Amino acid sequence: MRMSTKSLLFLLPSKTSSYRTLTMAPGLTATQPHQGPSSNEHALRLVFPDGIKTSGQHPPLYEQLRSYDDFPEEITGATVWDAEDYKRNPERWTHWLTENEIEELSEAADEFRAATIPLTGISKENFKLPRLASFLESIRNELINGKGFILFKGFPVEQWGNHKSAVAYMGLGTYLGYFVSQNGKGHVLGHVKDLGEDAKKIDKVRIYRTNARQYFHADDSDLVGLLCIARALEGGESDIVSSHHVYNVLRRERPGILKTLIQPIWHFDRKGEVGKGEDPYIRTSVFYLEPGGEGRVYCKWDPYFIRSLERFSSAGLIPPLSPAQLEAADVLESTCQRLSLHMVLEVGDIQFLSNAHVLHARTEYKDHAPPAPRRHLMRLWLATPEGEGGWRLPFHDSEEKKRGGIQVDDVGPVAHLDAE
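This write-up is about the structure you can find in this document. Everything quoted here is computed from the prediction, not taken from an experiment. (Residues numbered from 1 in each chain as written. Predicted model: local features only at pLDDT ≥ 70, side-chain atom pairs only at ≥ 80, totals over all residues. Heavy atoms only, no water.)

### A closer look at the side chain of Ser 181
At step 1: Examined against the element boundaries, Ser 181 turns out to sit in the loop between strand 3 (178-179) and strand 4 (190-192).
At step 2: A polar contact is formed between the side chain of Ser 181 and the backbone oxygen of Asn 183, at a distance of 2.9 Å.
At step 3: Setting aside chain neighbours within four positions, we find Ser 181 in contact with Thr 54, Gly 186, His 187, Val 188, Trp 381, Gly 405, Ile 406 and Gln 407. (Helix = DSSP H or I, 4+ residues; strand = E, 2+ residues; numbered from the N terminus. Polar contact = N/O pair within 3.5 Å; in protein donor to acceptor, adjacent residues only side chain to side chain. Contact = heavy atoms within 4.5 Å.)

### Quick notes on the packing of helix 6 (residues 243-253) against helix 7 (residues 255-262)
At step 1: Running from amino to carboxyl end, helix 6 crosses helix 7 at an angle of 125 degrees, the nearest separation of the two axes being 5 Å. By the angle between their axes, helix 6 is oblique relative to helix 7. Between helix 6, through Tyr 247, Leu 250, Arg 251, Arg 252 and Glu 253, and helix 7, the contact on the second element is made entirely by Pro 255, Ile 257, Leu 258 and Leu 261.
At step 2: Here the residues of the contact of helix 6 with helix 7 sort into six nonpolar, no polar and three charged. (Axes fitted to C-alpha atoms, helices over the stretch in contact; angles between N-to-C directions. Parallel < 35°, antiparallel > 145°, perpendicular 65-115°, else oblique. Nonpolar A, V, L, I, M, F, W, Y, C, P; charged D, E, K, R; others polar.)

### Quick notes on the sheet that holds strand 5 (residues 214-217)
At step 1: A sheet is described by the order of its strands in space; here four strands give the open sequence 5-15-8-13, paired in antiparallel fashion. Among the strands making up the open sheet, the edge pair consists of strand 5 and strand 13 (341-343). The mean inter-strand angle of the sheet, taken between neighbouring strand axes irrespective of direction, is 15 degrees.
At step 2: Where strand 8 (residues 238-242) lies against strand 15 (residues 358-362), five bridges are found, and the strand directions are antiparallel. Across the sheet, residue Ser 242 finds its bridge partner in strand 15, namely Val 358.
At step 3: In this fold helix 6 packs onto strand 8 and strand 15, with an angle of close to 60 degrees to the strand it touches most, strand 8. (Pairing = 2+ DSSP bridges.)

### Some details on a nonpolar patch on the surface
At step 1: On the surface, Leu 44, Leu 46 and Val 47 cluster together into a nonpolar patch covering about 320 Å² of accessible area.
At step 2: When you line up the elements, Leu 46 lands in the loop between helix 1 (37-40) and helix 2 (83-87).
At step 3: We classify Leu 46 as exposed; its relative accessible area is 80%. (Patch = residues over 30% accessible without salt bridge, like charges linked within 9 Å, V, L, I, M, F, W, Y side chains within 5 Å. Areas by Shrake-Rupley, 256 points an atom, 1.4 Å probe, with all protein chains shown as cover. Salt bridge = Lys/Arg side-chain N within 4 Å of Asp/Glu carboxyl O. Buried < 20%, exposed > 50% of the residue type's maximum accessible area, 1.4 Å probe, protein only.)

### Looking at the pairing of strand 6 (residues 223-230)
At step 1: Within strand 6, eight of the eight residues are buried, which leaves the element mostly enclosed by the surrounding structure.
At step 2: Pairing geometry for strand 6 and strand 14 (residues 350-354), over five bridges, is antiparallel. Across the sheet, Val 224 pairs through a bridge with Leu 353, a residue of strand 14.
At step 3: Bridging between strand 6 and strand 17 (residues 376-383) involves seven bridges; their strand directions are antiparallel. Within the sheet, the bridge partner assigned to Cys 228 lies in strand 17 and is Leu 377.

### Re unusual backbone geometry
At step 1: Geometrically, the link from Pro 370 to Pro 371 is a cis peptide bond, its omega value of 10 degrees lying close to zero.
At step 2: With respect to the secondary-structure elements, Pro 371 resides in the loop between strand 16 (365-366) and strand 17.
At step 3: Within the chain, Thr 116 stands out as a residue other than glycine whose phi angle is a positive 55 degrees.
At step 4: Among the structural elements, Thr 116 can be located in the loop between helix 3 (99-114) and helix 4 (133-145).
At step 5: Even without being glycine, Asp 409 reaches a positive phi, approximately 50 degrees.
At step 6: Positionally, Asp 409 belongs in the segment after strand 17.

### Details of the pattern of salt bridges
At step 1: If you walk through the whole model with that rule in mind, you get 19 salt bridges.
At step 2: Salt-bridge contacts for Lys 193 lead to Asp 418; the nearest nitrogen and oxygen are separated by 2.9 Å. Of the two residues, Lys 193 is situated in the loop between strand 4 and strand 5 and Asp 418 in the segment after strand 17; the sequence distance between them amounts to 225 residues.
At step 3: Assessed through its relative accessible area of 8%, Lys 193 is described here as buried.
At step 4: For Asp 220, the salt bridge identified is with Lys 300, shortest N-O distance 3.4 Å. With Asp 220 in the loop between strand 5 and strand 6 and Lys 300 in the loop between strand 12 (297-299) and helix 8 (303-306), this pair connects stretches of sequence that are 80 residues apart.
At step 5: Judged by relative accessible area, which is 22%, Asp 220 ranks as partly exposed.
At step 6: Counted as one network, the salt bridges with shared partners bring together Glu 290, Glu 294 and Arg 296.

Worth remembering: the numbers are spatial, not functional.
Next comes the structure, spelled out in structure tokens:
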């Protein structure tokens, strides 16, 4: 089911302003103090079993942000793709796991479980995949520098059950990136599941814990993985789009919209998942230009996180969304819908996406009546640091192994086998 682009407007605050200047509340700073790689990558192993702490959410380095005129007139290369090409050729983005690949994953998972290592301590060093490793390295490169998505099929979740499936899934994920925390509770194995929370309370509720539609967005990590454990009765289907294709279309058709999206005038809500002394929101851009290096265009967007800030704009702490921003949000969503590739995740499918140059969405869904299982996806957020082939980003943690994610103070990683 596709939603009218006009319907996006109900998600956004009704108040508007000219937004000529940015005002900051007293005591709220444009940048935040942070720990460097030396502290996050030598974390206390009693709390962080692999010795690495998620860096968390941070504002960009504003001096590294660039104006519209510095951005390319057109993006070219493998990251720019047309959905029509892939609709006709699913073999170009689908990989059926072979019997030998499943056997290697099974053996590695059994060995890891026998070693009684906590799931939060899993790594390439203790989850050996000698035959699959080179193939997964090529997939990693395709995610970072190529089309930015892959769908694995045939992962035996029903045969293995949730525990072994989680081990094998996380172990496979370590060959693509470092897992990072996905919320203030430290969950590194996320569960996308309707927990009955009120999707209208968007200043408190994360939409992945409801059955509501998720508009096109990117997560707070370099890569995201979704393993389908159980399907919904109806809906809950996936749409993805090349944000570089979207960029090219906007540059050609609506350059004024693109200029608005490039300006660092957007506030993103942190929904209370903040540590001591940190700001409750971040001022940032939607499109960034990679500083130095290859100058690639990076996209970070989630309409639910810009429309939940009315409590701050009403208090005069930040400006409400301007008419130009309201229009930009609507045009961005409608352009994503127009250019998107639709796919359905079956039980045992694993979808991996880049958050740098692919935006993804989910249709609203309805679950089976009890006692049938509810729709359930296991989620991974993975970091690909600059020093290991990842993009250079205008953030202070670009070189950290576990850059991005959500980290509240020293909350340690948690990997439950189901939602809580």
